[in-house]
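# Summary of structural features
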Protein chains: 2
Amino acid sequence: MPQYKLTYFDGRGRAEVTRLLFAVAGVNFQDNRIGVSIPPQPSQLPIWLDMKPNTPFGQLPLLEFDGKLIAQSHAIERYLAREFGLYGEGNYEMALTDMWIDSFEELISPIIQYNFGPGGDTEKAEQKKKYLETTLPTYFKKLETDLGNNSSGYLVGKGLTVGDLYVLKHNEWVMVSFGEEGQMAVKKYPNVQAHIKRISALPKVAAWLEKRPQNKF
Amino acid sequence: MPQYKLTYFDGRGRAEVTRLLFAVAGVNFQDNRIGVSIPPQPSQLPIWLDMKPNTPFGQLPLLEFDGKLIAQSHAIERYLAREFGLYGEGNYEMALTDMWIDSFEELISPIIQYNFGPGGDTEKAEQKKKYLETTLPTYFKKLETDLGNNSSGYLVGKGLTVGDLYVLKHNEWVMVSFGEEGQMAVKKYPNVQAHIKRISALPKVAAWLEKRPQNKF
């Protein structure tokens, strides 16, 4: 097994699904946190600004192993999902997993904007309202239906995929960002709620959630 | 071979790389354009508004075949790239292809905002400046280097991948959106320029570029 090194900020953010993939596969990795929190404290910023120009696209996370380097969080997730058999069976199930990764990107990226992007109180309130009343329901309608139609208890096919981990991860984003209002919004989707409970209780997932570093984001 | 049906607007947009994949693989598909241009004319809007609620995420394109349905443009592209052998050899090359698909998404999505998003003249001028002076160089620095390091003449590994088609597609976006200023910005990357010329001249690519419907976007 290669020595995997995952480099990211000291936070969950765009690395946590990768960490979950390692945890679920039972594969050790170096969880290299560069000592910069999310969002960065002013005193930490020089660390990242020094490092940034030496990354492929001025971004983290990065995955290194066997002298190889992968940038882009979803490229890292897909690589490990293929490696660990967490992508679905056959090309069509892989496509459904891809579809959900891209859909969760469209769900998570406005939450990141909400938390860290520009805008005053009025704008933030509008962003929150739009997210909970329009964006989330658009995707959750299909998520709820698909989970209801799949008797396996997973999002795609008969086994765990990176898609299931994204259901979990997105829910963390909603809770930490929108609190009780977020809780109210997702409560309307009982299949999604049951799914989150079920996936969180898988022994290797539960062990990671228990032992991982405490970070807000 | 399944009967593929690709449903999209009457434009290139987020379906054109999929059409290129079919063209390169020499596989027939139904190029189902719903009679709504990009951007839609007001008189065409009802067609799309009628259809939108019946799509999985309120979006196009969609790919249908054998009673199956895939939403999300990149999920469609990845499915066909796996099917047609246009994803690279082995897991690591596939990861590099994934990395470039995601990077081109980050390059193309601000161009879509520039063309179709809100903002007056001042804001548009700022968006253009930021794109050509900051965004594009961030990704093109690595693109230029990677192309220079790969003696095969392709972006990833020894053969054509969806990554090469994105180099082409992105260049179309830059040209149609930023005109001469775009041309000036990309001229600084001779490997990228040579690559675009080479990929455009591949017989199956050239044939598609020649015969495809004329659309601005």
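Above this text you will find the structure in question.
Here's a quick rundown of the structure.

Conventions adopted
- Residues numbered from 1 in each chain as written.
- Chains lettered and ligands numbered in written order.
- Predicted model: local features only at pLDDT ≥ 70, side-chain atom pairs only at ≥ 80, totals over all residues.
- Contact = placed C-beta atoms within 7 Å.
- Helix = DSSP H or I, 4+ residues; strand = E, 2+ residues; numbered from the N terminus.
- Nonpolar A, V, L, I, M, F, W, Y, C, P; charged D, E, K, R; others polar.
- Least-squares fit on C-alpha atoms with pLDDT ≥ 70 in both.
- Pairing = 2+ DSSP bridges.
- Axes fitted to C-alpha atoms, helices over the stretch in contact; angles between N-to-C directions.
- Buried ≥ 20, exposed ≤ 12 C-beta atoms within 10 Å, placed from the backbone.
- Parallel < 35°, antiparallel > 145°, perpendicular 65-115°, else oblique.

Once that is clear, we can look at the interface of chain B and chain A. Each side of the interface is counted separately: chain B has 24 residues, and chain A has 24 residues. Counting residues per element, the ones that place at least two in the side of chain B that touches chain A are strand 4 (68-71), helix 3 (73-84), helix 4 (90-116) and helix 5 (121-149) of chain B. By residue number, the principal contributor to the side of chain B that touches chain A is helix 4 of chain B, which donates eight residues. Taken together, the residues of the side of chain B that touches chain A sort by class into 11 nonpolar, six polar and seven charged.

Between chain B and chain A, the superposition needs a rotation of 180° and an axial shift of 0.0 Å, giving an RMSD of 0.0 Å. Accordingly, the operation relating the two chain copies is best matched by a two-fold axis. Measuring from the rotation axis to each C-alpha of chain B, the shortest distance belongs to Asp102 of chain B, at 4.9 Å. Comparing contact sets, 100% of the residues at the interface of chain B also lie at the interface in chain A, consistent with an isologous, same-surface contact.

All names here are of chain A. With mixed pairing, four strands are arranged side by side in an open sheet as 2-1-3-4. Each edge of the sheet is formed by a strand with only one pairing partner; in this case those strands are strand 2 (29-37) and strand 4 (68-71). For this sheet, the mean angle separating the axes of adjacent strands, direction not counted, is 20°.

All right, on to the sheet that holds strand 4 of chain B then. Residue and element names in this part refer to chain B. Strand order in the open sheet made by the four strands is 2-1-3-4, with mixed pairing throughout. The open sheet is flanked by strand 2 (29-37) and strand 4, the only strands paired with a single partner. Strand-to-strand, the axes of this sheet are offset by a mean angle of 20°, without reference to chain direction.

Next up on the list: the environment of Ala25 of chain A. Note on placement: Ala25 of chain A falls in helix 1 (residues 16-25). For Ala25 of chain A, a count of 18 C-beta atoms within 10 Å puts it in the partly exposed group.

Summarising the element assignment, Tyr79 of chain B is placed in helix 3. A C-alpha to C-alpha distance of 26 Å links Tyr79 of chain B and Val36 of chain B, two positions 43 residues apart in sequence. With residues near it in sequence (within four places) discarded, Tyr79 of chain B still touches Asn91 and Ala95 of chain A together with Ile70 of chain B.

Helices that pack against each other are described as a pair by the angle of their axes relative to one another and the distance between those axes. Residues and elements named next belong to chain B. Put simply, helix 1 (residues 16-25) and helix 3 touch, their axes get as near as 9 Å, and they point 10° apart. The orientation of helix 1 with respect to helix 3, classified from their angle, is roughly parallel. Between helix 1, through Val17, Thr18, Leu21 and Ala25, and helix 3, the contact on the second element is made entirely by Ser73, Ile76, Glu77, Leu80, Ala81 and Phe84. Considered class by class, the residues forming the contact of helix 1 with helix 3 number seven nonpolar, two polar and one charged.

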